[in-house]
Amino acid sequence: MKRRRLRVVVTAGPTREHVDPVRYLSNESSGRMGFAIAAAAVEAGHQVTLIAGPVSLETPKGVRRVDVVSARDMLRALREHFPSADALFMAAAVADYRPRTRRRGKWKVKEAEGGEVQLPLIRNPDLLASVARRKGPRTVVAFALETSDGPRRALAKLKAKNADYIVLNDASALNARSTSVRVLDGTGEVARWTRRTKSMVARHLVRLLG
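Calculation criteria
- Residues numbered from 1 in each chain as written.
- Predicted model: local features only at pLDDT ≥ 70, side-chain atom pairs only at ≥ 80, totals over all residues.
- Heavy atoms only, no water.
- Patch = residues over 30% accessible without salt bridge, like charges linked within 9 Å, V, L, I, M, F, W, Y side chains within 5 Å.
- Areas by Shrake-Rupley, 256 points an atom, 1.4 Å probe, with all protein chains shown as cover.
- Salt bridge = Lys/Arg side-chain N within 4 Å of Asp/Glu carboxyl O.
- Helix = DSSP H or I, 4+ residues; strand = E, 2+ residues; numbered from the N terminus.
- Buried < 20%, exposed > 50% of the residue type's maximum accessible area, 1.4 Å probe, protein only.
- 1 Å grid on protein atoms, 1.4 Å probe; cavity = no way out; pocket = protein on both sides within 12 Å on 5 of 7 lines; lining within 4 Å.
- Points joined across faces, edges and corners; volume = space filled by probe spheres on them.
- Nonpolar A, V, L, I, M, F, W, Y, C, P; charged D, E, K, R; others polar.
- Core = buried A, V, L, I, M, F, W, Y, C linked by side-chain atoms within 4.5 Å.
- Contact = heavy atoms within 4.5 Å.
- Pairing = 2+ DSSP bridges.
- Axes fitted to C-alpha atoms, helices over the stretch in contact; angles between N-to-C directions.
- Polar contact = N/O pair within 3.5 Å; in protein donor to acceptor, adjacent residues only side chain to side chain.

A. Representation of a nonpolar patch on the surface. Taken together, the side chains of Tyr97, Leu119 and Leu121 define a hydrophobic patch exposed on the protein surface, amounting to about 250 Å² of accessible area. Among the secondary structure elements, Leu119 is positioned in the loop between strand S7 (97-99) and strand S8 (121-123). On the accessibility criterion, Leu119 (34% relative accessible area) is partly exposed.

Here is the structure:
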C-alpha cells in the first residue's frame, strides 16, 4: 500500500535572544536532530518545511527551509506553516527567556560600577503549547531534554503541551552526532533507541506518522 504524502513541519536548532547588536543568549543545540528528521521525512515521501534557528548546516535536499533567529521569530513561522500541516516535529531548543530590553547600541558592560551588572529577563512564549492547543487531527511530536526524573517530567510536558509523542533525551545529545532516546505517548514508553546516529533515530521517528 502506498504511503500517504504528508505535509510535515520540523523545527530545529537553538534560538538567539539578543541583548544588544553583538551579544545574545542561546544554548548548545546544533540542530542536527531536526535536520535529520527533515531529511528522513523527505526520504519517506513527505513534503517538508524546516524552520531553522541560527545553525551552519546544509539544507537537506527537497526540504523547504525557513530561517529564524529568536523564539518569537520561530513562533511567527509556526503560526504561518502549522495550520496547513499534517504533522509537527518540535525539535528546536527554544530559549525560555529573553532580555526584557534589546539595547540599540553595544552595552558598555565594562563601565558598570562595582564590576557587576544585572540583566532582567522575561519569559518567551511557549511555542509548542501555543500551536498545539488546537492541533485537531495533526500529529505533534515534542522533545524533552532532561537531566533528572526524565520520564515523569516528559510525560507531564506531553500532556501540558497537547502532544501525541515526546522524545526524551539528555545533555549528551547536545552538539553530538549520536543520541539515546526514549519515546513516550500518553500511556508511557513506546520505544527506546540507545547510542544510535541521529539519522537512524530520525528515520524511526518519522515512522510514527504511519
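Further notes follow.
B. Looking closely at the layout of surface pockets. Here the largest pocket is characterised by a volume of approximately 1,000 Å³. Ala92, Ala93, Val94, Phe143 and Lys157 are, among the 38 residues lining the largest pocket, the residues nearest its centre. Among the elements that make up the lining of the largest pocket, the one with the highest residue count is helix H4 (residues 150-161) (5 residues). The residue inventory of the lining of the largest pocket, partitioned by class, reads 18 nonpolar, 10 polar and 10 charged. In this model, the second largest pocket occupies a volume close to 300 Å³. Around the second largest pocket, the lining comprises 14 residues; the ones closest to its centre are Arg32, Phe35, Ala36, Ala39 and Ser199. Within the residue set of the lining of the second largest pocket, elements represented by two or more residues are helix H1 (32-43) and helix H5 (198-206). It is H1 that provides the largest number of residues to the lining of the second largest pocket, a total of 6 residues.

C. Representation of the nonpolar core within the structure. Ranked by size, the top nonpolar core spans 32 residues in total, and within it Ile37 and Leu205 carry the most contacts. It is H1 that contributes the most residues to this core, 7 residues altogether. In this structure, Ile37 is in contact with Val10, Phe89, Ala91, Phe143, Ala202, Leu205 and Val206, ignoring residues within four places of it in sequence. Counting residues in hydrophobic clusters, the runner-up holds 27 residues, among them Val66, Ala85, Leu127 and Val131.

D. Just the pattern of salt bridges, in detail. Tallied over the full model, the rule gives 10 salt bridges. With a shortest N-O distance of 3.2 Å, Lys161 and Asp126 are connected by a salt bridge. Of the two residues, Lys161 sits in helix H4 while Asp126 sits in the loop between S8 and helix H3 (127-132), which places them 35 residues apart along the sequence. The class of Lys161 is buried, set by a relative accessible area of 16%. Owing to a relative accessible area of 32%, Asp126 belongs among the partly exposed residues under this scheme. Between Arg192 and Glu189 there is a salt bridge, with the nearest N and O atoms lying 3.1 Å from each other. A relative accessible area of 36% means that Glu189 is categorised as partly exposed.

E. How the structure looks around the sheet that holds strand S12 (residues 188-197). Read from one edge of the open sheet, 8 strands run S5-S4-S1-S6-S9-S10-S11-S12, paired in mixed fashion. Where the open sheet ends on each side, the last strands, each with one partner, are strand S5 (64-67) and S12. Each neighbouring strand pair of the sheet contributes to a mean axis angle of 15 degrees, computed without reference to strand direction. Here strand S10 (residues 165-169) runs beside strand S11 (residues 178-185); their pairing, made up of 3 bridges, is antiparallel. Considered in S11, the bridge of Leu168 is made with Arg182. On top of the sheet, H5 reaches strand S6 (87-90), strand S9 (139-145), S10, S11 and S12; it is set at about 155 degrees to S12, its chief contact.

F. Structural context of the environment of Ala91. Along the polypeptide, Ala91 turns up in the loop between S6 and S7. By relative accessible area, which is 16% here, Ala91 ends up buried. Between the C-alpha atoms of Ala91 and Ile166, which are 75 residues apart in sequence, the distance is 10 Å. Sequence-distant contacts of Ala91, that is, excluding residues within four places in its chain, are made with Thr11, Ala12, Gly34, Ile37 and Phe143.

G. Just the environment of Asn27, in detail. Looking at the element boundaries, Asn27 is found in the loop between strand S3 (24-25) and H1. As for Asn27 and Ala93, which are separated by 66 residues in sequence, their C-alpha atoms are 7.6 Å apart. One polar contact links the side chain of Asn27 to the main-chain carbonyl oxygen of Ala93, over a distance of 2.9 Å.

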